[in-house]
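Residue strings, one per chain:
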Amino acid sequence: MKKLLITLLIATLLFSCNFQKFADVDNEALIDSDQSEISDDSDLSDESVLSDDDSNDFDQPDDPDLSDGDTGNTGDTGNTGDTGNTGDTGNTGDTGNTGDTGNTGDTGNTGDTGNTGDTGNTGNTGDTGNTGELFIRIVAGNISSGNAQSYDPGDGINIFKALKPDIALVQEFNYGSNSASDYKEFSQAVVGTDYYAVDSSSFQIPNGIVSKWPITSSGYWDDPTLSNRELMWAVIDIPGSIDIFAISVHLHTDPAADQVTAAQVITKEVYNFRTAHPGEYYYVVGGDFNGTTSVSNSGFGQYNGSNIFYVSGPHPVDDNSNEDTNAGRSKHYDYVLGDYNMHGFQIPVVYNSNINSSTKTYTNGLVFDTRTFTQSVLNEYFSPALVGDSAASNMQHMAIVKDYLIK
């Protein structure tokens, strides 16, 4: 038994010695192997940051952030943040700032073009464009001259042109051969259009109307006291919904009662026409009345108890406050009368200087006599009139001017 125990002890000792030797050999091999791998890794040996980090990591084994920190320390890889800093690319915000392009609002500001309001403002024949206000100048003139009671000598045409009518009520309307082309030439000279009407070119001294605006219909009523002219009328299509019914007359001189007779023919016709066409027309009558008798309620003023034309004063005057209209300036022959609506639109007659901003104003209308002006004043305000026009041979009347602003 003792021998057996000794044998086991010896065996145990031998086994222990051999195991230790084996362990030493394995450790040396492992160390040699690790050192060989580390020495071959040139990047690792050169990376001082890595060695510092490793040192710090191992110096602080208990740091609770250690495990995250190591992963975070791939932060250098995370520092592909430089790649992440493609934020500069992300800063294509500058491209995003194509807001400047978006600011094509300046282009949107083609409102200036939209402001063709200034182009909308040609309506200012303005007054027409201005919400229905329309300026109208009406001139009546029996201002033929020469030996044939015509406008061929040019004195009367000078006067009409100087006064700048929109509608001219013409008496003794002879021009050239009284052909259509002659009347168109006259109309072009006086108002700048071809719009004219005449009672009959075959009459000795016809009455006529020329207009800036179209004449849509015309005709005449019989004056029972005369045979060489009639009571001429025309419908003028002015801008707006209401037109003008204009009448051009040259009444009988003697007896004066003939003037009332003719006036009553007109007031009856106007009354009937107005009744048939309520609110469709403004009415105006003008011309050579050859006296004052018809400018009364029994003449042009009323018919059948109804007001027709406004016959009360004050009437137009010249620069010397004279309202008489014959050549000698001692008798009142010539008028422009509106109906009560038209009269309500009457405004002062104003002529502007062509030299400066000064004006000539006639509150109730103008009796135009070239002899009351110097030639320099006529040149400034009433071109192409000449001082001698109103004194021309056989010039028997002065022209009458009234201005209206229809609203």
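What you are looking at is a predicted structure, and each value in this text was computed from that prediction instead of being measured. (Residues numbered from 1 in each chain as written. Predicted model: local features only at pLDDT ≥ 70, side-chain atom pairs only at ≥ 80, totals over all residues. Heavy atoms only, no water.)

Once that is clear, we can look at the packing of helix H13 (residues 155-163) against helix H14 (residues 180-190). For the pair H13 and H14, the least separation of the axes is 8 Å and the interaxial angle reads 40 degrees. As summarised for this structure, H13 and H14 are arranged oblique, according to the angle between their axes. Two secondary-structure elements touch here, H13 through Ile157, Phe160 and Lys161 and H14 through Phe186, Ala189 and Val190. In terms of residue class, the contact of H13 with H14 is made up of five nonpolar, no polar and one charged. (Axes fitted to C-alpha atoms, helices over the stretch in contact; angles between N-to-C directions. Helix = DSSP H or I, 4+ residues; strand = E, 2+ residues; numbered from the N terminus. Parallel < 35°, antiparallel > 145°, perpendicular 65-115°, else oblique. Contact = heavy atoms within 4.5 Å. Nonpolar A, V, L, I, M, F, W, Y, C, P; charged D, E, K, R; others polar.)

So, on to the packing of aromatic side chains. What characterises a pair of aromatic rings is the spacing of the ring centres plus the angle enclosed by the ring planes. Counted under the stated rule, the structure contains 27 aromatic pairs. Ring plane angle 10 degrees and centroid distance 6.0 Å describe the contact between tryptophan 221 and phenylalanine 245, whose orientation is recorded as stacked. Separated by 24 residues along the polypeptide, tryptophan 221 in strand S5 (residues 215-221) and phenylalanine 245 in strand S7 (residues 243-250) bring together distant segments of the chain. We note that tryptophan 221, like phenylalanine 245, is buried. Linked through ring pairs, Tyr151, Phe160, Phe173, Tyr175, Tyr183, Phe186 and Tyr196 together constitute an aromatic cluster. In this structure, arginine 137 is placed above the aromatic ring of tyrosine 351, and the distance from its NZ or CZ to the ring centre is 4.1 Å. Across the ring face of tyrosine 381, the terminal group of lysine 360 is positioned such that the distance to the ring centre comes to 5.5 Å. (Phe/Tyr/Trp six-rings, centres within 6.5 Å; stacked < 30°, edge-to-face > 60°. Buried < 20%, exposed > 50% of the residue type's maximum accessible area, 1.4 Å probe, protein only. Lys NZ or Arg CZ within 6 Å of the ring centre and 35° of its normal.)

Let us look at the confidence of the model for the protein chain. Looking at the protein chain as a whole, the pLDDT averages 79, with 68% of positions reaching at least 70. Note that residues 13-130 has pLDDT below 50 and, in this model, 16 contacts with residues that lie over four places away or in other chains. (pLDDT = per-residue confidence, 0-100.)

Under the counting rule described, the total for this entry stands at six salt bridges. For arginine 137, the salt bridge goes to aspartate 403, with nearest N and O atoms at 2.8 Å. Taken together, the positions of arginine 137 in strand S1 (residues 134-141) and aspartate 403 in strand S16 (residues 399-406) put the pair 266 residues apart, joining distant regions of the chain. Arginine 137 gets classed as buried once you look at its relative accessible area, which sits at 5%. For aspartate 403, a relative accessible area of 1% corresponds to the buried category. Between lysine 360 and aspartate 319 there is a salt bridge, with its nearest N and O atoms 3.7 Å apart. Note that lysine 360 is positioned in strand S14 (residues 359-362) and aspartate 319 in the loop between strand S10 (306-307) and strand S11 (334-338), a separation of 41 residues in sequence. By relative accessible area, aspartate 319 is classed as partly exposed at 31%. (Salt bridge = Lys/Arg side-chain N within 4 Å of Asp/Glu carboxyl O.)

The next point concerns the pairing of strand S8 (residues 281-288). A large share of S8 lies buried, amounting to eight of its eight residues. Taking the sense of rotation as the criterion, the β-α-β connection linking S7, helix H15 (residues 257-276) and S8 turns out right-handed. Alignment of S8 against S11, held across five bridges, turns out to be antiparallel. By the bridge assignment for S11, glycine 287 is matched with tyrosine 335. (Right-handed = clockwise from strand over helix to strand, strands pointing away. Pairing = 2+ DSSP bridges.)

Along the chain, histidine 397 turns up in the loop between helix H18 (375-381) and S16. Look at histidine 397 and you get buried, because its relative accessible area is 5%. In terms of polar contacts, histidine 397 uses its side chain to reach the side chain of aspartate 288, at 3.2 Å. A polar side-chain atom of histidine 397 sits 3.0 Å from a polar atom in the side chain of aspartate 334. Not counting residues within four places of it along the chain, the set of residues in contact with histidine 397 comprises Asn142, Ile143, Asp288, Asn290, Thr325, Tyr333 and Asp334. (Polar contact = N/O pair within 3.5 Å; in protein donor to acceptor, adjacent residues only side chain to side chain.)

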